Amino acid sequence: PKIGFCLKIPATGKSGHETHFGGVQLYDDGVAFHLFPLYSHPDLVKGVSVPLANCMRGQTCFFIEALAPGHAEELRALTQASFERFRSDGLV
């Protein structure tokens, strides 16, 4: 990747360890959006649309070559749901 960013949750939750929440990697042909809560909560992706599900690479990565209508809002909602799930787990 040309550049990447990672968002971590400080060790304030019950785990006592820093937790990776998400990340973005910029490539020449697209953007990889990683949402790490999907490892522990795979049920969160069950409601995503087929076009967005087709962008998935592995369990936690969405590779977006071109942002289709609705993708940004759908990823925003999925990110919010992931954050709320981490909060209910006591990680935030």
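Residues numbered from 1 in each chain as written. Predicted model: local features only at pLDDT ≥ 70, side-chain atom pairs only at ≥ 80, totals over all residues. Heavy atoms only, no water.

Draft legend 1. Local environment of the overall build of the protein. When its secondary structure is counted, the protein shows three helices and five strands. Listing every helix and strand of the protein by position from the N terminus yields β-β-β-α-α-β-β-α. In terms of C-alpha radius of gyration, the protein reaches 13 Å, essentially the compact-globule figure of 12 Å for 92 residues. Considering only C-alpha atoms, the protein reaches an extent of 40 × 30 × 20 Å along its principal axes. Across the 92 residues of the protein, 33% fall into the buried class. (Helix = DSSP H or I, 4+ residues; strand = E, 2+ residues; numbered from the N terminus. Rg over C-alpha atoms; globule rule 2.2 N^0.38 Å. Buried < 20%, exposed > 50% of the residue type's maximum accessible area, 1.4 Å probe, protein only.)

Draft legend 2. Seen up close, helix α3 (residues 71–88). The end-to-end C-alpha separation of α3 is 25 Å, in line with the 26 Å expected for 18 residues at 1.5 Å each. Looking only at α3, the buried set comprises H71, E74, L75, L78, S82 and F86. For α3, the buried positions fall inside an angular range of 110° around the axis, keeping them on one side. Tucked inside the fold, the buried residues of α3 contact β1 (3–9), β2 (19–27), β3 (30–35), α1 (37–40), α2 (50–53) and β5 (61–64). Of the residues trailing α3, G90 is marked for its positive phi of about 85°. (Expected span 1.5 Å × (residues − 1). Arc of directions from axis to C-beta. Contact = heavy atoms within 4.5 Å.)

Draft legend 3. Seen up close, the side chain of E74. Locating E74 in the fold gives a position in helix α3. Apart from residues lying up to four places away in sequence, E74 is in contact with G47, V48, S49 and L52.

Draft legend 4. Fine view of the nonpolar core. With 15 residues, the main nonpolar core has L38, L52, F62 and L78 as its most contacted residues. For this core, the elements supplying multiple residues, two or more each, are β5 and α3. Ranked by residues supplied to this core, first place goes to α3 with three residues. In contact with L52, other than residues within four places in its own chain, are F62, I64, H71, E74 and L75. (Core = buried A, V, L, I, M, F, W, Y, C linked by side-chain atoms within 4.5 Å.)

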